[in-house]
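Observations on the model geometry
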Amino acid sequence: MSTQAPSPVPADLVGSVLVLIQFDVCEEFRLDQLQQTASARKLSKPIMKQAAPAYVQYQRPPVVEPLEPLILESGEQLQGEIKYFDYGVVSLMFRHEFAAGWDTLVQLASRWVWDIDFASRAEPIVRRYLERIPGAMVKPYPRWLSEDYFIFHIREAAGSSPAELVRNHGLAIAQLVRGERVPLSEGECAEVLNSKMSYYSNDLSVIGWNAAFLYDTPTGAETAIQLLEYANSQLLEFRHYDELLTEVLAGTYDSFGKNSRLFVRWRLARSANNLHTVLLEVVELTERADNAIKFLSDMFAARLYRLASARVGVPDYRDLVEQKVRTAEELYHYMLDQFNQSRAFILEATVVIILLVELYLAFRGRFF
C-alpha cells in the first residue's frame, strides 16, 4: 500500500514586503543626463486606482533603473530599483515576495524594522551608482539625510474581506504597522487602525509613521506605494530645509552678536544678503518639491496623500521650516534696519564733519 506525502497547508497571506530607503544627496538632478544611462527609463505618469486626466502626472518625471538583488544574511533575496527625483532625492525600493501566515509575517516585520539596518546597506549602492553620473548632480551635499519605510502589500488573504481583516486580524495589522514583536494594547491598536482607508469594497490601506499595510491588487496598491514614496521624500526634503535654516540662523545670530558695535554693523548688509539668498533657495526648493506631482482630480489619491504625509510627519517639519523662514525674514529686515541706521548715522556724521571743515577754512581765512 503506497502512501502519499501530505499536501502543503496553503498560506494565509500572499504578497510582498517593500523596503523603501531614501537619501537626500544634492540640490537637484539633471534628469536629462540621467536618462542617458542605458538601463534608465522615465516614470511618466503615476498609477491611479481610477482613470485620471492627462494633467494628473509628475511635473518632472523621475528616472528609474533596476538594481541588482539584495541578499540578506538569512538568505532572503530582494529585487530592487533606484529612482532619481529632480529635487535631489534618491529612492531605493526593494521587494521580497512571501506566502506565509500572520505570525510569520509579524516576526519578519519586527526583525526587518528593528534588527536590519537597510540604510547602511543601501548607501554604498547609491554611491556606486552616483559615481557614474557626477555631472548630473547639482551642488552635492557632503552629508546625506536618509529615511526608510516598510510597506506590507497583501494580494491574497484566505477568505477575508477588508472588514473581516480588521475585525479578525486587527491586532496583527497593528503589529505589522508598528513593527512590534508583542501584541499592542487595545487603545494603541485602535489608534493605528484609525488611519485605515478604503476606496472599493475589496481594498484596505492602514498607514503608520514607519510602515503601512496594503490589501489590494498589484495595480491598485501601486497608487498607495507611489504616494508613500513621495510623502517620505517630502519629509526628507523638509528635514533638510530645517537643518539648513537652523545652521544659517545660528551663524547669523553669532555674526550679529559680534557685530554689535556701530561701525562694525556696517558689514551687516553682506550677512543680510546671504541670509536672503538662503531664504530664496529654500522657498524655491520647497515649491519645486511641492509641485513635483499633481493629484488635481483624483480625490482618493489626494486624501490618501494627506493621510500618509500626516502619518510620516511632513506637516510637522513643514511647520518647523515655515516658522524658521518667518524668523529668518524678520531677522533679515532687522539687520537691514540696523545697517541703514548705521549708514544714516555715518552719512550725517560725514556731513557735520564737512561743515565743520568748511567753517574752519572760512574763519581761518578771515582771522589769519
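If you're wondering where the values come from, they're calculated on a predicted model, not measured in any experiment. (Residues numbered from 1 in each chain as written. Predicted model: local features only at pLDDT ≥ 70, side-chain atom pairs only at ≥ 80, totals over all residues. Heavy atoms only, no water.)

**Comments concerning a nonpolar patch on the surface**
On the surface, V352, L356, L359 and F363 cluster together into a nonpolar patch covering about 380 Å² of accessible area. Of note, V352 is situated in helix 9 (residues 314-367). Owing to a relative accessible area of 46%, V352 belongs among the partly exposed residues under this scheme. (Patch = residues over 30% accessible without salt bridge, like charges linked within 9 Å, V, L, I, M, F, W, Y side chains within 5 Å. Areas by Shrake-Rupley, 256 points an atom, 1.4 Å probe, with all protein chains shown as cover. Salt bridge = Lys/Arg side-chain N within 4 Å of Asp/Glu carboxyl O. Helix = DSSP H or I, 4+ residues; strand = E, 2+ residues; numbered from the N terminus. Buried < 20%, exposed > 50% of the residue type's maximum accessible area, 1.4 Å probe, protein only.)

**Some words on the pattern of salt bridges**
If charged atoms from side chains of opposite charge come close, those side chains can pair. Per the stated rule, a full pass over the model turns up 15 salt bridges. For the salt bridge of R121 with E73, the shortest nitrogen-to-oxygen distance reads 2.7 Å. Taken as a pair, R121 in helix 3 (residues 118-130) and E73 in the loop between strand 3 (63-71) and strand 4 (77-84) lie far apart in primary sequence, 48 residues in all. Residues R311 and E191 are paired through a salt bridge, measuring 3.0 Å at the closest nitrogen-oxygen approach. In this pair, R311 sits in helix 8 (residues 299-312) while E191 sits in helix 5 (residues 186-193), placing the two residues 120 residues apart along the sequence. Bridged by salt links that share partners, the residues R178, E188, E191 and R311 form one connected network.

**Overview of the nonpolar core**
Counting residues in hydrophobic clusters, the biggest one holds 61 residues, and the most contacted among them are F29, Y84, L92, W112, F118, L130 and F213. The dominant element in this core, judged by the number of residues it contributes, is strand 1 (residues 13-29), at 8 residues. Residue contacts for F213: discarding those within four places in its chain leaves W102, F152, I154, I173, L176, V177, L204, S205 and V206. In this structure, L18, L20, Y305 and A308 belong to the second largest nonpolar core, which totals 42 residues. (Core = buried A, V, L, I, M, F, W, Y, C linked by side-chain atoms within 4.5 Å. Contact = heavy atoms within 4.5 Å.)

**Side note on the pairing of strand 3**
Bridging between strand 3 and strand 4 involves 7 bridges; their strand directions are antiparallel. Looking at the pairing, V64 lines up with K83 of strand 4. Hairpin connection from strand 3 to strand 4: 5 residues lie between these consecutive antiparallel strands, with G75 at a positive phi of about 95°. (Pairing = 2+ DSSP bridges.)

**Some details on unusual backbone geometry**
With a phi angle near 50°, K139 is a residue other than glycine that sits in the positive phi range. Within the secondary structure, K139 is located in strand 6 (residues 137-157).

**Some details on helix 2 (residues 102-115)**
Residues spaced three or four apart along an α-helix point in a common direction, a consequence of the helix completing one turn every 3.6 residues. Taking 1.5 Å as the rise per residue, helix 2 with 14 residues should run 20 Å; its terminal C-alpha atoms sit 19 Å apart, in good agreement. Taken together, the buried positions of helix 2 are occupied by W102, L105, V106, L108, A109, S110, W112 and V113. (Expected span 1.5 Å × (residues − 1).)

**Examining the pairing of strand 8 (residues 204-207)**
Here strand 8 shows a buried face lined by L204 and V206 and a second buried face lined by S205 and I207. For strand 7 (residues 196-197) and strand 8, the ladder comprises 2 bridges, and the chain directions are antiparallel. Its bridge partner lying in strand 8, K196 is registered against V206. Taking the residues between adjacent antiparallel strands as the criterion, strand 7 and strand 8 are bridged by 6 residues. Of the pairings in the sheet, the one linking strand 8 to strand 9 (residues 211-215) comprises 4 bridges and is antiparallel in character. Directly across from I207, in strand 9, lies its bridge partner A212. Count of turn residues in the strand 8/strand 9 antiparallel hairpin: 3 residues.

**Things to note about the environment of V283**
Within the fold, V283 resides in helix 7 (residues 268-290). A sequence separation of 39 residues divides V283 from E322, and the C-alpha atoms of the two residues are 9.6 Å apart.

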